[in-house]
Amino acid sequence: TNHISKPHIVLFPFLAQGHIRPFLSLFSCVHRQHPDHTITLVSTPRNIATVRSTLPSSSSLNFHSIAFFPESYSLPSNAESTADIPYALLTTFFEASESLCPAFENFISTLTGPVYIISDMFFAWSVEVSRKFNTFHSVFLSSGAYGTTVWSSLRLSVPLGLMPQVADEFQLPEFPDVKIHISQCGKNLLEADGNCQLSTYIQRQLKFVFQSDATLVNTVEGFEVIGLQMLRKQLPTPVFSIGPLLHSAPLSSEKSGITEWLNTKPAASVLYISFGSQHTIHARPMIELASALEHMNRPFIWVIRPPIGFETEEKFKPEWLPEGFEGKMKLGRKGLLIHEWAPQVEILAHAATGAFLSHCGWNSTLESSTYGVPIIAWPLSADQFYNSKMLEELGLGMELARGVVTDLKRDWVQEVVETVMGENEKAKEMKMKAREIKEVMDKAWNEEGEDGTSRKGLNDFFEFAAKKLAGDKQFSFE
Ligand code: UDP
């Protein structure tokens, strides 16, 4: 044996809030289990500054800052995050992000002792850096096993138009048991011709993912039984599930009065509505949804953003809702509209919350399942379609709409909400299923026993990494 030294864990999230946040949850969870390991988050200066401001000063997370130089890519000069650029430049931003490679490589070259890189799927090119310096490389998936596998599988099969059986509904080439409907493919997937920049970029990253040493995924064995089977079939390397890693909201609901409001409502009576951190819906369905809420005898909390076509930061206009809607709802203490960042985890954890109308982003899906709240699904893009499909198949959700529709009908909204929240067999079954899954989630980090699958997953991951490196470099570990 050469020497004994503690591992240095390098976290390398993609430059987007939705990616950095799960990596911070990953940090907390690794740090809890291995307080002696050095953990460094690699990102660009402004992303690091943002992260620092949300962490307590006593946090033991280290940072390594690398500059982002997008000049040659005609991106806004201060763009460091997907939030800084218009959607049309996303592909360019992806490609520009590969220019971080030399700086990342420089950093890795300075590290001594065993190094474990945990990279984002969109930075999977870092596997080549890892090979150069004989470090351990893994990919952390912040979306679910099922959603990621289906999405990757579709991405690897573009152009879809050339698939022999392409019709309204078709079998996934790698997994013929899985049937996908054309409406479950996002626009950019359907339009991809296989040679376009985005397809090329994603396919290249997926190939790097396949070369990594291991995959960590923010899910739970007993929650995604089929999804994990599929992911393990798709990937040549071991998969460790370590969820649910939840990121608690920075805002206190005590201050905002939301908990107080929820405290006045009967158990499982409130419908919570949110389309995540970046999505919204069209103006017409927004009116229909509001008018359904107005006609139903159900309290609700709606995290509302300007409709599609308006800037997210724009001041909310009353004309986007039925006349007098917000005032009426407030007066009757029937509904709360939240125009800022909502304390979602706290809302879902509250006993008064009975269902979640969600776009089925993976974090929302996990949070809702962790707190045993059935989902009324309205997936809008990417893996959300497959998360929604999985929830329906598990009996945890019912789809209300799919994609950026404009023709949602008030009666249909009422029917679905009643089916999920009312006094009927289906609602009862969904509640039972949600309770069952909540238990699975609750036990995932149990200190002892077979149920603590995620605790075991993280242990196994570190054991696997240590062995792999020991084989490569004859290190010995404590
Ligand atoms: N979120 C929140 N308050 C909001 C909107 C979103 O706390 O007003 C959180 C939510 O709890 C979740 C994340 O932001 O953790 C959204 O992630 P998700 O994967 O569901 O969707 P995305 O925003 O990535 O589309």
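This structure is a prediction, so every number in the text was calculated from the model and none was measured.

Reading the values: the criteria
- Residues numbered from 1 in each chain as written.
- Predicted model: local features only at pLDDT ≥ 70, side-chain atom pairs only at ≥ 80, totals over all residues.
- Helix = DSSP H or I, 4+ residues; strand = E, 2+ residues; numbered from the N terminus.
- Rg over C-alpha atoms; globule rule 2.2 N^0.38 Å.
- Buried ≥ 20, exposed ≤ 12 C-beta atoms within 10 Å, placed from the backbone.
- Pairing = 2+ DSSP bridges.
- Axes fitted to C-alpha atoms, helices over the stretch in contact; angles between N-to-C directions.
- Contact = placed C-beta atoms within 7 Å.
- Near = placed C-beta within 6 Å.
- Nonpolar A, V, L, I, M, F, W, Y, C, P; charged D, E, K, R; others polar.
- pLDDT = per-residue confidence, 0-100.
- Core = buried A, V, L, I, M, F, W, Y, C linked by C-beta atoms within 7 Å.
- Expected span 1.5 Å × (residues − 1).
- Arc of directions from axis to C-beta.
- Parallel < 35°, antiparallel > 145°, perpendicular 65-115°, else oblique.
- Left-handed = near helix turned anticlockwise from the far one by under 90°.

## Details of the overall build of the protein
Each helix and strand counted, the protein has 19 helices and 15 strands in total. Over its C-alpha trace the protein gives a radius of gyration of 23 Å, about what one expects of a compact globule, namely 23 Å for 478 residues. The principal-axis extent of the C-alpha atoms belonging to the protein is close to 70 × 50 × 45 Å. A burial count over the protein gives 43% of its 478 residues as buried.

## As for the sheet that holds strand E15 (residues 397-399)
Judged by pairing direction, the sheet is parallel, and its six strands sit side by side in the order E12-E11-E10-E13-E14-E15 without closing on themselves. In this open sheet, the two edge strands, each paired with only one partner strand, are strand E12 (335-338) and E15. Across the sheet, the axes of successive neighbouring strands diverge by a mean angle of 15°, strand direction being ignored. Sheet topology places strand E10 (residues 270-274) next to strand E11 (residues 300-303); three bridges connect them, and they run parallel. Bridging across to E11, Leu-271 finds its partner in Phe-300. Across the sheet, helix H16 (residues 384-394) touches strand E14 (375-377) and E15, and the angle it forms with E15 is around 125°.

## Quick word on the site of the ligand
Residues in contact with the ligand amount to 18 residues; listed here are only the nearest, Gly-276, Ser-277, Gln-344, Gly-361 and Ser-364. Sorting the residues of the shell around the ligand by element identifies helix H14 (344-349) and helix H15 (362-370) as the ones contributing at least two each. No other element matches H15, which puts four residues into the shell around the ligand. Its residues assigned to classes, the shell around the ligand comprises six nonpolar, eleven polar and one charged.

## Considering the pairing of strand E6 (residues 169-172)
Both E6 and strand E7 (residues 175-181) contribute to a ladder of four bridges, which runs antiparallel. Looking across to E7, one finds that Gln-171 is bridged to Lys-179. Hairpin connection between E6 and E7: a loop of two residues separates the two successive antiparallel strands.

## Structural notes on the confidence of the model for the protein
Here the protein shows a mean pLDDT of 91. Residues at 70 or above account for 95%. The ipTM assigned to the predicted complex is 0.99, against a pTM of 0.94.

## Quick word on the nonpolar core
For soluble globular proteins, the rule of thumb is that nonpolar side chains tend to be buried together. Counting 121 residues, the largest nonpolar core has Val-10, Leu-11, Ile-118, Leu-271 and Ile-376 as the members making the most contacts within it. Ignoring any residue separated from it by four or fewer positions in sequence, one finds Leu-271 in contact with Arg-298, Phe-300, Gly-354, Ala-355, Leu-357, Val-417 and Met-421.

## Thoughts on helix H18 (residues 425-443)
The first and last C-alpha atoms of H18 sit 28 Å apart over 19 residues, in line with the 27 Å expected at 1.5 Å per residue. Listed in full, the buried residues belonging to H18 are Met-430, Ala-434, Ile-437 and Met-441. Axial view of H18: buried residues confined to an arc of 70°, hence all on one face. Exposed residues on H18 whose side chains face more than 90 degrees from its buried face are Glu-425, Lys-428, Glu-429, Arg-435 and Glu-439. Close packing links the buried residues of H18 with H15 and helix H17 (410-421).

## Focus on the environment of Arg-298
Within the secondary structure layout, Arg-298 lies in the loop between helix H12 (283-295) and E11. Spatially, the C-alpha atom of Arg-298 lies 9.3 Å from that of Val-417, the residues being 119 residues apart in sequence.

## Remarks on the packing of helix H6 (residues 145-156) against helix H9 (residues 225-234)
Where H6 meets H9, the closest approach of the two axes is 7 Å, and the angle between their N-to-C directions is 45°. Regarding the angle of H6 to H9, the classification is oblique. The way H6 lies across H9 gives a crossing that is left-handed. Along the contact surface, H6 presents Ala-145, Tyr-146, Thr-148, Thr-149, Ser-152 and Ser-153, while H9 presents Ile-226, Gly-227, Leu-228, Met-230, Leu-231 and Gln-234. Across the contact of H6 with H9, the residue classes tally to six nonpolar, six polar and no charged.

## Observations concerning H9
Residues of H9 that are buried: Gly-227, Leu-228, Met-230, Leu-231 and Gln-234. Buried residues in H9, looked at end-on, bunch into an arc of 160°, giving them a common side. Elements that come into contact with the buried residues of H9 comprise H6, E7, strand E8 (214-217), strand E9 (239-241) and H16.

## What to know about the packing of H6 against helix H8 (residues 197-211)
Running from N to C, H6 and H8 point in directions that differ by 120°, and their axes come no closer than 10 Å. For the element pair H6 / H8, the angle class is oblique. Taken as a pair, H6 and H8 cross one another with a handedness that is left-handed. Taken together, the residues of H8 that come into contact with H6 (itself represented by Ser-152, Arg-155 and Leu-156) are Ile-202, Gln-203 and Leu-206. For the contact of H6 with H8, the residue count by class is three nonpolar, two polar and one charged.

## Quick word on the environment of Lys-179
Within the secondary structure, Lys-179 sits in strand E7. Placed ten residues apart in sequence, Lys-179 and Glu-169 show a C-alpha to C-alpha distance of 6.5 Å. Apart from the residues lying within four places of it in its own chain, the contact partners of Lys-179 are Glu-169 and Gln-171.

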